[in-house]
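Structural features, examined
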Amino acid sequence: MPAPRPAERADPSPAGRRAIPMLEWVVGVLGALIVAALVGYLVWSAVARDETPPDVRLEVLDIQDLPEGYLVRFAAENEGSQAAAALVIEGELELPDGQTETGEATIDYLPPRSTREGALVFQNDPVSGDLTVRPKGFTRP
Amino acid sequence: MIQQRRAVAAPARLSDEDREYLIALARAFGGAIIFGLPLLMTMEMWTLGFTMDRLRLALFMVAMLPVLSVLAYFAGFEENSGVKDCVLSAFAAYAVAIVAAAMILLLFGLLGPGMSVDEVVGKIALQAVPGSIGAMLARSQFGQAPTEGEEGERRDCYVGEMFLAGVGALFMAFNVAPTEEVVLIAQTITGWHAVAIAVASLVLMHAFVYAVDFRGETELEDLREAASEFLRLTVVAYVLTLLIAAYVLWSFGRSDGLAPLEVLIEAVVLGLPGALGAAAARLIL
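Residues numbered from 1 in each chain as written. Chains lettered and ligands numbered in written order. Predicted model: local features only at pLDDT ≥ 70, side-chain atom pairs only at ≥ 80, totals over all residues.

What follows is about the overall build of chain A. Counting its secondary structure elements, chain A contains one helix and six strands. In sequence order, the secondary structure elements of chain A are arranged as α-β-β-β-β-β-β. Burial statistics for chain A: of 141 residues in total, 21% are counted as buried. Expressed as a percentage of contacts within chain A between residues at least 6 apart in sequence, the contacts between residues at least 24 apart total 65%. (Helix = DSSP H or I, 4+ residues; strand = E, 2+ residues; numbered from the N terminus. Buried ≥ 20, exposed ≤ 12 C-beta atoms within 10 Å, placed from the backbone. Contact = placed C-beta atoms within 7 Å.)

In terms of helices and strands, chain B carries 12 helices and zero strands. If you list the helices and strands of chain B from N to C, you get α-α-α-α-α-α-α-α-α-α-α-α. Look at the contacts in chain B between residues 6 or more apart in sequence, and 83% of them connect residues 24 or more apart.

What follows covers the packing of helix 9 (residues 180–188) of chain B against helix 12 (residues 260–284) of chain B. Residues and elements named next belong to chain B. Relative to each other, helix 9 and helix 12 sit at 120°, their axes nearing to 9 Å. Comparing the axis directions of helix 9 and helix 12 gives the class oblique. Note that helix 9 runs across helix 12; the crossing there is right-handed. Counting all contacts with helix 9, which are made through Val 182, Val 183, Ile 185 and Ala 186, the residues of helix 12 involved are Glu 262, Ile 265, Glu 266, Val 269 and Leu 270. (Axes fitted to C-alpha atoms, helices over the stretch in contact; angles between N-to-C directions. Parallel < 35°, antiparallel > 145°, perpendicular 65-115°, else oblique. Left-handed = near helix turned anticlockwise from the far one by under 90°.)

On to the environment of Leu 57 of chain B, then. Positionally, Leu 57 of chain B belongs in helix 4 (residues 54–75). A tally of 24 C-beta atoms within 10 Å means that Leu 57 of chain B is categorised as buried. In sequence terms Leu 57 of chain B and Met 136 of chain B are 79 residues apart; their C-alpha atoms lie 20 Å from each other. Excluding residues that lie within four positions of it along the chain, Leu 57 of chain B makes contacts with Leu 42 of chain A together with Met 52, Gly 122, Ala 125 and Leu 126 of chain B.

Residue and element names in this part refer to chain A. Overall, antiparallel pairing links the three strands, which are arranged 4-3-6 in an open sheet. The sheet terminates laterally at strand 4 (100–110) and strand 6 (130–139), the two strands that pair on one side only. Here the strands of the sheet are splayed against their neighbours by 20° on average, with no regard to which way each runs. (Pairing = 2+ DSSP bridges.)

Another aspect to go through is helix 2 (residues 16–40) of chain B. Along its 25 residues, helix 2 of chain B runs 34 Å from first to last C-alpha, staying within 8% of the 36 Å computed at 1.5 Å per residue. The sharpest bend along helix 2 of chain B comes to roughly 30°, located at Ile 34 of chain B, with the proline Pro 38 of chain B sitting one to four residues further on. Where the residues of helix 2 of chain B are buried, they touch helix 1 (22–48) of chain A together with helix 3 (43–51), helix 5 (83–107), helix 6 (117–141) and helix 8 (158–176) of chain B. (Expected span 1.5 Å × (residues − 1). Bend = angle between axes of the 7 residues up to and from the residue.)

What follows deals with the pairing of strand 2 (residues 69–78) of chain A. Residues and elements named next belong to chain A. As paired strands, strand 1 (residues 56–66) and strand 2 are joined by 10 bridges and run antiparallel to one another. Its bridge partner being in strand 2, Val 56 is matched across the sheet by Asn 78. Between the end of strand 1 and the start of strand 2, which pair antiparallel, lie two residues. Inspection of the sheet shows strand 2 paired to strand 5 (residues 115–122) by eight bridges, in the antiparallel sense. Each bridged residue has a counterpart across the sheet, and for Val 72 the counterpart in strand 5 is Leu 120.

Let us look at the interface of chain A and chain B. Across the boundary between the two partners, chain A contributes 35 residues, which contact 34 residues of chain B. If you tally residues by element for the side of chain A that touches chain B, the top one is helix 1 of chain A, at 17 residues. Considered class by class, the residues forming the side of chain A that touches chain B number 23 nonpolar, six polar and six charged. (Nonpolar A, V, L, I, M, F, W, Y, C, P; charged D, E, K, R; others polar.)

To continue, consider the confidence of the model for chain B. Residue and element names in this part refer to chain B. Across chain B, pLDDT averages 87, with 89% of residues at or above 70. Per-element averaging of pLDDT across chain B places helix 1 (residues 2–9) at the bottom with 46 and helix 5 at the top with 95. Below pLDDT 50 for its whole length, residues 1–11 participates in zero contacts with residues either more than four positions away or in separate chains. ipTM for the predicted complex: 0.81, alongside a pTM of 0.83. (pLDDT = per-residue confidence, 0-100.)

Residue and element names in this part refer to chain B. As a packed pair, helix 4 and helix 8 sit with axes 11 Å apart at the nearest point and diverge in direction by 120°. The pairing of helix 4 with helix 8 is recorded here as oblique in orientation. The two elements helix 4 and helix 8 cross, and the hand of that crossing is left-handed. Every residue of helix 8 that contacts helix 4 at Val 67, Val 70, Leu 71 and Phe 74 is listed here: Gly 160, Phe 163, Leu 164 and Val 167. Here the contact of helix 4 with helix 8 is built from residues that sort into seven nonpolar, one polar and no charged.

To continue, consider the sheet that holds strand 1 of chain A. Residues and elements named next belong to chain A. Read across the sheet, three strands follow the order 1-2-5 without closing on themselves; strand pairing throughout is antiparallel. Two strands bound the open sheet, and with one partner strand each, they are strand 1 and strand 5. The average undirected angle you get between the axes of adjacent strands in this sheet is 25°.

This part takes up unusual backbone geometry. All names here are of chain A. Even without being glycine, Ala 86 reaches a positive phi, approximately 45°. The phi dihedral of Arg 113 falls on the positive side, at around 55°, and the residue is not glycine. What makes Arg 113 partly exposed here is the crowd of 18 C-beta atoms within 10 Å.

With that out of the way, let us pick up the nonpolar core. Ala 93, Val 96 and Ala 173 of chain B are the most contacted members of the largest nonpolar core, which has 97 residues in total. Ranked by residues supplied to this core, first place goes to helix 5 of chain B with 13 residues. Grouped together as the second largest cluster of nonpolar side chains are 10 residues, Ala 84, Ile 89, Tyr 109 and Phe 138 of chain A included. (Core = buried A, V, L, I, M, F, W, Y, C linked by C-beta atoms within 7 Å.)

Before going further, it helps to examine the environment of Leu 22 of chain B. Residue and element names in this part refer to chain B. Within the element layout of this structure, Leu 22 appears in helix 2. Taking the C-beta count within 10 Å as the criterion, Leu 22 has 13 such neighbours and is therefore assigned partly exposed. Expressed as a C-alpha distance, the spacing of Leu 22 and Val 129, which sit 107 residues apart in the sequence, is 22 Å.

This is how it looks when you write it as structure tokens:
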């Protein structure tokens with residue numbers, strides 16, 4: 001336990017009461033406004049929103065020809081109001097000769113009303129066949 | 001160059017008071033980042049930003065306001081006097097923590113296009129909670145330690161000690177609770193492990209109280225006094241810690257769908273870091 005030291009600086013204002021400077025008001029009120037906005041938004045989104053299950057929409061962004069195969073980049077958007085976890089995206093490529101090739105990707109988390117991107121890899125050219133990309137399943141986080 | 005700088009500085013002449021306040025804010029910003037970084041770099045925290053129940057997150061943010069205000073009284077990022085001053089400090093600490101959290105999340109690419117407002121707001125709001133504690137404690141951590149003087153006197157009472165213990169428990173529990181490991185440990189241990197953890201928590205807590213001997217004159221002379229210390233300080237602080245641990249677990253949805261006994265075991269597991277935080281708060285703050 002350190003010995004009590006004398007006060008290093010004399011208190012500028014008597015009785016420890018001081019007028020609060022303008023700057024402290026500005027920062028404090030600014031903080032209050034931000035906190036009120038955040039809390040207000042959170043409460044609003046909890047009350048005003050219906051809890052619709054994850055609704056995954058997939059869109060193929062582009063197809064790239066790589067040395068190791070064909071890369072199909074996709075964007076997954078969740079239009080529901082709940083998050084999806086461990087979301088499996090499956091792409092099925094139906095080739096003209098009747099064979100099918102599948103590709104799979106897992107998105108760890110897809111938050112509500114948000115978009116995440118990923119890619120599937122195929123050996124055959126997706127342009128030559130019939131490509132369907134769909135969500136296969138997910139869990140609730 | 002020098003002339004130019006002088007020309008820029010001249011119109012915005014800051015008073016000494018304002019300058020000191022700006023320095024305190026900068027220090028608070030540093031505190032928010034240092035104390036917040038472990039959680040800013042925890043994956044579960046990013047996920048919780050959008051999966052956590054919105055009302056529980058809002059409640060946590062609001063509940064932090066009185067905590068921060070009282071903390072401003074005992075160990076603010078600047079010296080405070082009066083209720084208005086403390087409340088303003090609490091909001092200022094929040095503002096600093098929110099800016100710091102947003103900045104670091106942006107730097108790490110955890111905020112960006114394609115994310116909904118929900119996700120961005122949730123991530124920042126959640127990270128602002130530990131950040132605001134860090135911001136508030138910046139002065140006692142680096143800079144003038146307020147163990148002496150007015151703040152030191154203020155704390156030197158039972159309520160003050162318990163409050164600081166609670167803040168320490170909250171901060172440590174909050175740092176550990178988001179991880180999946182708490183749930184994993186709670187589900188794999190036996191009941192005997194849980195009992196041992198509770199005993200160990202109490203012993204460690206009491207060792208801190210005993211070793212630190214924070215009130216100077218309190219010599220633990222005889223057994224009766226030791227028992228009284230144990231009951232009044234250690235046990236009460238531990239119960240407080242368990243309650244805080246349970247509240248944090250509930251906020252993160254870690255207790256949802258669990259039997260009461262399982263929740264208790266989770267609280268005991270989280271109570272170990274919480275108890276150390278509570279005990280160490282007296283040392284660190």
